[in-house]
Amino acid sequence: MKFRVLGCSGGQVPGRYLSSYLLNESLLIDAGSTTAVLKLKEQQKIRNILVTHVHLDHIMGLATMADNLCDNCQTTINVWGVNEAISGLKASFFNGTIWPDFTQITGNAQPWPVLTLHNLPEEEPMAIGDSTVTMVRVNHIVPSVAFFIENNKKTLLHVGDTGPTEKVWSMARSERNLCAVVLEASFPNRLQGLADMSLHLTPQTLAREVEKLGRPSVPILVSHLKPQYRDEIIRELKRLKGFPLRILKDGDSLRL
Ligand SMILES: [Zn+2]
Ligand SMILES: [Zn+2]
């Protein structure tokens, strides 16, 4: 599968883009920077969006993309997430105050709304586009999830913002076709207290999560570095041993 990093930054500054990843051109994971990076034609190819959680740095692009594509898309785009995230999007984002309700508005040339929201069942494989997606909860300050995304006999595990967690690793241990894990490291080790309080990882707690996974040959793709600590986090990540690690960069294109 083609895995394109539109943005993987844990904060926004010029030249760094918020979390958003594109699989095979039509499946989007999070929408932090989607409209800042993708051309309109590329936005029109998106059919499904998986939302890890509803923190603004992961959903901003849903608003701007809906605005771009209203009356300008060939079909509704399905947005999938855990039930609290979906109800949060309805109540607090597409609520007619913060932004128009693009889950209801239809256009002149388009009888369907741009976005259709769906609760994704937990820990149950679900066919989405040409992939099979299994969602499992992780451990963040708001409900946040990981997605096992199986496509063409390979499984990518994309973990949303999280502190230390368990269930996802017990499931990943027995996932035969696991080809890579996207995992966050938001803060440097010296800010461990802040990371614990906000339920994020540092390089040292990332290493403990990777130990729980117990699959030393599976590449760990590190994401969500806060730009103000980026160099320090990278130095600490580079000291970790025992598993293949790649620090993702905005614009990366990987063939998994
Ligand atoms: Zn978050
Ligand atoms: Zn985040």
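Conventions used here
As a convention, each chain's residues are numbered from 1 in the sequence order in which they are written. Chain labels run from A onward and ligand labels from 1 onward, assigned in the order the entries are written. With pLDDT at 70 or above as the cut-off, local features in this predicted model cover only qualifying residues; side-chain atom pairs require 80 or more to be listed or tallied, and sums for whole chains, interfaces and linings still use all residues. For the purposes of this entry, the term helix denotes a DSSP run of H or I that reaches at least four residues, the term strand denotes a run of E that reaches at least two, and both are numbered from the N terminus. Throughout, radius of gyration means the C-alpha value; the globule benchmark is 2.2 Å times the number of residues raised to the power 0.38. Our contact criterion uses C-beta atoms placed from the backbone: two residues qualify when those atoms are within 7 Å. Two strands are said to pair when DSSP picks up at least two bridges between them. A right-handed crossover is one whose linking path, passing over the helix from the first strand to the second, runs clockwise when the strands point away from the viewer. Only buried residues count toward a nonpolar core: Ala, Val, Leu, Ile, Met, Phe, Trp, Tyr and Cys, linked into one set through C-beta atoms within 7 Å. Our exposure labels follow a C-beta count within 10 Å of each residue's own C-beta, placed from the backbone: buried means 20 or more other C-beta atoms, exposed means 12 or fewer, and partly exposed covers the counts in between. Taken from the helix axis, the directions to the C-beta atoms give the arc we talk about. Structural elements are reduced to axes, namely lines fitted to C-alpha atoms, with helices fitted over the stretch in contact, and the angle between N-to-C directions of any two is expressed from 0 to 180 degrees.

**Structural notes on the overall build of the protein**
Then, number 1: Looking only at helices and strands, the protein features eight helices and 14 strands.
Then, number 2: Over its C-alpha atoms the protein spans a radius of gyration of 17 Å, differing by no more than 12% from the 18 Å that the globule rule assigns to 256 residues.
Then, number 3: Projected onto its principal axes, the C-alpha positions of the protein cover 55 × 40 × 30 Å.
Then, number 4: Nonlocal contacts in the protein, meaning residues at least 24 apart in sequence, comprise 60% of its contacts between residues at least 6 apart.

**Details of the pairing of strand β6 (residues 115–119)**
Then, number 1: As judged from the five bridges shared by strand β5 (residues 77–81) and β6, these two strands associate in the parallel manner. Among the inter-strand pairings, G81 is bridged to a residue of β6, identified as N119.
Then, number 2: Between β5 and its parallel partner β6, the chain crosses via helix α4 (residues 83–92), and the hand of that crossover is right-handed.

**Describing the nonpolar core**
Generally speaking, a soluble globular protein has its nonpolar side chains buried in company with each other.
Then, number 1: Membership of the largest hydrophobic core comes to 71 residues, with the highest contact counts inside it found for I49, V51, A146, F147, L157, V159 and V181.
Then, number 2: Here this core gets six residues from one element, more than from any other, and that element is helix α3 (residues 56–69).
Then, number 3: Among all residues touching V51, those that are not within four sequence positions of it are D30, H58, I59, V79, W80, G81 and A85.

**So, helix α7 (residues 203–213)**
Then, number 1: Along α7, the residues classified as buried are P203, L206, A207, E209, V210 and L213. Projected down its long axis, α7 carries its buried residues within an arc of 160°, all on one side. Seen from the open side of α7, the exposed residues pointing more than 90 degrees away from its buried face are R208 and E211.
Then, number 2: Each element contacted by the buried residues of α7 is listed here: α5 (167–173), β11 (178–184), β12 (220–223) and α8 (230–238).
Then, number 3: Once α7 finishes, G214 follows within two positions and takes phi at roughly 65°, a positive value.

**Some points on the sheet that holds strand β14 (residues 253–255)**
Then, number 1: As summarised here, the arrangement of the seven strands in space is β6-β5-β4-β3-β2-β1-β14, forming an open sheet in which the pairing is mixed. Two strands lie at the open edges of the sheet, namely β6 and β14, each paired on one side alone. Averaged over all adjacent pairs, the angle separating strand axes in this sheet is 20°, with direction ignored.
Then, number 2: Bridging between strand β3 (residues 27–29) and strand β4 (residues 48–50) involves three bridges; their strand directions are parallel. Across the sheet, L27 pairs through a bridge with N48, a residue of β4.
Then, number 3: In the packing of α4 onto the sheet, contacts are made with β5 and β6, and the angle to β6 comes to roughly 145°.

**Looking at unusual backbone geometry**
Negative phi is the rule for most residues except glycine; trans is the rule for most peptide bonds.
Then, number 1: The residue E25 is not glycine, and still its phi comes out positive at about 70°.
Then, number 2: Following the sequence through the fold, E25 ends up in the loop between β2 (20–23) and β3.
Then, number 3: Residue classification places E25 among the partly exposed residues on the basis of 13 C-beta atoms within 10 Å.
Then, number 4: A positive phi is found at H224, a non-glycine position, where the angle reads about 65°.
Then, number 5: Mapped onto the elements of the fold, H224 is located in the loop between β12 and α8.

**Points about the sheet that holds β12**
Within a beta sheet, neighbouring strands are joined by backbone hydrogen bonds and run either parallel or antiparallel to one another.
Then, number 1: With respect to topology, seven strands assemble into an open sheet ordered β7-β8-β9-β10-β11-β12-β13, the strand pairing being mixed. What marks the edges here is a single partner per strand, and that holds for β7 (126–128) and β13 (245–247). Put simply, the sheet's adjacent strands are angled 25° from each other on average, direction ignored.
Then, number 2: Judged from the three bridges that link them, β12 and β13 form a sheet pairing that is parallel. Bridge pairing in β13 links L221 to R246.

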